[in-house]
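# Remarks on the overall topology
Each chain, written out:
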Amino acid sequence: MGRFRFLDLFLSPRLHYQQSGPGGFELDESWIGFQWQRDERVKAIIKLGSSDLIRPLVWYAPTQDPRFQVVEAWMEGRSSVGDLRAGLLAVPQGFEGAFPEWNSVLPESAVRRRGWILQRDYGLQFRWDTQPWATALSVHNGESGADKDRELWFSGLWQYKDSDGWGLLLTASTGHTSNDSTQGSVAASREGFVFDSSADAKIRYAILSLFKEEGRSLFLLEAGRGDLIQQERTHPFLWGRADVVWNFGGDASLLLRYEQTSSDMTDSGTRISTPGLGVVLASADNLQSLTLYASRNDEPNRDPNYEFWLIFRLHSNLLK
């Protein structure tokens, strides 16, 4: 009947405060995972976690799901050619999506938190891992739920990472939407995209990441560029960020981030700049940490909006 076992645990309770907007105590980026394995070629994974792990893209209406739900549930068949996964699975987008959430000590990037890029979805995924190269190709619903518009999305990951920790990562997605699924979208009202939720759209974007990992330190440069195409008009959008995690001694690290987003490249009024600064204290085995982080959102013609995080992390995956 195979083997059933506990896989991993990640808890991330936090206190989040922002000068203008909701805040308070939260339980985000948290899950418990289990694995059933029949043999070396067939296994299944199921994870129960917080609903922010499966938030839909900004083109779709925000969900009102319970705070704790199934966030991954997939089976995998392995072969000498590659691995095939099917079910509710992680679709890697950018550096954050290419690695598990417990791998990071910084808060989520703005584009991931605001739904510009995908996290998880129902679909099929082919994976090849021949070090130092890795490839993943996915076909999925796009809505992180039921396929209401009967339009499939396609996503890909191509990664190179050498033994010294240097890596280059390219991820990309393309898909279509229709008004069957986009009613209630906040892309225009909240994010400033030139998006008509009552009309069909084609959306595509790509993310290029250059990174260097060395023990508990990280250097990351990442840029994303996308197009929103409706009624034969193309509306480009752009984002980018630089992250530095500098382990300056023992279990303490300094956190630096500068992030910029623009939901409409033709309108400078949609440009938001977000510098951030913080510190993280981790245990000797790096299984638990405490992060204190502050950022400032600078928008044209508006006063700066400050945000603060106090994040506790506990996970079961041994790191350096």
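Heads up: these notes are all about the structure in this document. A quick note: this is a predicted structure, and the numbers were derived from the prediction, not measured. Note that residues are indexed from 1 along each chain, following the sequence as it is written. Only residues with pLDDT of at least 70 get local features here, since the model is predicted, and only at 80 or more are side-chain atom pairs given and counted; chain-wide, interface and lining totals rely on the full set of residues. Hydrogens and water molecules were not included; the side-chain quantities draw on all heavy atoms of the structure.

### Remarks on the overall build of the protein
Scanning the protein for helices and strands turns up three helices and 18 strands. Restricting the calculation to C-alpha atoms gives the radius of gyration, and the globule rule supplies 2.2 Å times the number of residues raised to the power 0.38. Taking 320 residues into account, the globule formula puts the C-alpha radius of gyration at 20 Å, and the protein, at 19 Å, falls close to it. If one aligns the C-alpha atoms of the protein with their principal axes, the spans along those axes are about 55 × 45 × 40 Å. Categorising residues by exposure relies on relative accessible area from a 1.4 Å probe, with only protein chains included: less than 20% of the type maximum marks a residue as buried, more than 50% marks it as exposed, and the intermediate range marks it as partly exposed. Buried positions account for 48% of the 320 residues belonging to the protein. In the protein, the proportion of contacts linking residues at least 24 apart, taken out of those at least 6 apart, comes to 55%. Split by element, the accessible area of the protein, about 15,600 Å² in all, is 59% carbon and sulfur. Secondary structure elements follow DSSP: runs of H or I of four or more residues count as helices, runs of E of two or more count as strands, with numbering from the N terminus. In this description, contact between two residues means that some pair of their heavy atoms is separated by no more than 4.5 Å. Surface accessibility in these figures is a Shrake-Rupley result with a 1.4 Å probe; residues are shielded only by whichever protein chains are displayed.

### Some thoughts on the pattern of salt bridges
Salt bridges are defined by distance alone: a side-chain nitrogen of Lys or Arg within 4 Å of a carboxyl oxygen of Asp or Glu. Overall, the coordinates contain 27 salt bridges when judged by the stated rule. Between Glu108 and Arg112 there is a salt bridge, with the nearest N and O atoms lying 3.4 Å from each other. Exposure remark for Glu108: the relative accessible area of 8% places this residue in the buried category. Here Arg112 falls in the buried class, since its relative accessible area comes to 3%. Taking the shortest distance from any N to any O, the salt bridge between Glu307 and Arg113 comes out at 3.8 Å. With Glu307 in strand S18 (residues 305-315) and Arg113 in helix H2 (residues 110-113), this pair connects stretches of sequence that are 194 residues apart. Overlapping salt bridges, with partners in common, bring together Arg55, Glu72, Glu101, Glu108, Arg112 and Arg120 in one network.

### Quick look at the environment of Gly184
Following the sequence through the fold, Gly184 ends up in the loop between helix H3 (179-182) and strand S12 (201-214). Sequence-wise, Gly184 and Tyr60 are 124 residues apart; in three dimensions their C-alpha atoms are separated by 6.9 Å.

### Structural notes on the pairing of strand S13 (residues 217-230)
Note: S12 against S13, 13 bridges, orientation antiparallel. Residue Ile203 lies in a different strand from S13, and its bridge partner there is Leu228. Strand pairing is defined by DSSP finding a minimum of two bridges between the two strands. Two successive antiparallel strands, S12 and S13, enclose a turn made up of two residues, where Gly215 displays a positive phi of approximately 65°. Examined bridge by bridge, S13 and strand S14 (residues 233-249) share 13 bridges and lie antiparallel to one another. For Arg225, the partnering residue across the bridge sits in S14 and is Leu238.

### A few points about the side chain of Glu259
One can find Glu259 in strand S15 (residues 252-262). Under the counting rule used here, the positive set is Lys and Arg, the negative set is Asp and Glu, and His together with the chain ends is not counted. Buried Glu259, no salt bridge; nearest opposite-charge side chain is Arg257, N-O distance 4.4 Å. At 2.9 Å, the side chain of Glu259 forms a polar contact with the backbone nitrogen of Ala110. Excluding residues that lie within four positions of it along the chain, Glu259 makes contacts with Ser109, Ala110, Val111, Gly240, Arg241, Ile272, Ser273 and Thr274. We define a polar contact as two N or O atoms separated by no more than 3.5 Å, with the added condition that, inside protein, one atom must be a possible hydrogen donor and the other a possible acceptor, whereas residues neighbouring each other in sequence contribute only through side-chain atom pairs.

### Some thoughts on the environment of Leu277
Of note, Leu277 is situated in strand S16 (residues 271-282). A relative accessible area of 51% places Leu277 in the exposed class. Sequence separation between Leu277 and Glu232 is 45 residues; the distance between their C-alpha atoms is 42 Å.

### Considering the nonpolar core
Definition of nonpolar core: a set of buried residues of the types Ala, Val, Leu, Ile, Met, Phe, Trp, Tyr and Cys, connected through side-chain atoms within 4.5 Å. Counting residues in hydrophobic clusters, the biggest one holds 24 residues, and the most contacted among them are Trp59, Phe193, Tyr205, Leu228, Phe237 and Trp239. Where this core is concerned, the elements lending two or more residues are S12 and S14. In terms of residue count, the dominant contributor to this core is S12 (four residues). Each residue touching Phe193, except ones within four places of it in the same chain, is listed here: Val58, Trp59, Trp116, Ala187, Ala188, Leu228, Phe237 and Ser263. Counting 15 residues, the second-largest nonpolar core is a separate cluster that includes Phe99, Leu169, Leu218 and Val280.

### Concerning the side chain of Asp52
Relative to the helices and strands, Asp52 resides in the loop between strand S5 (42-50) and strand S6 (68-78). Buried and unpaired, Asp52 has Arg55 as its nearest opposite-charge partner, separated by 4.2 Å. For Asp52, the side chain forms a polar contact with the main-chain nitrogen of Glu29, separated by 3.0 Å. Residues contacting Asp52, with those up to four places away along its chain left out, are Leu27, Asp28, Glu29 and Gln119.

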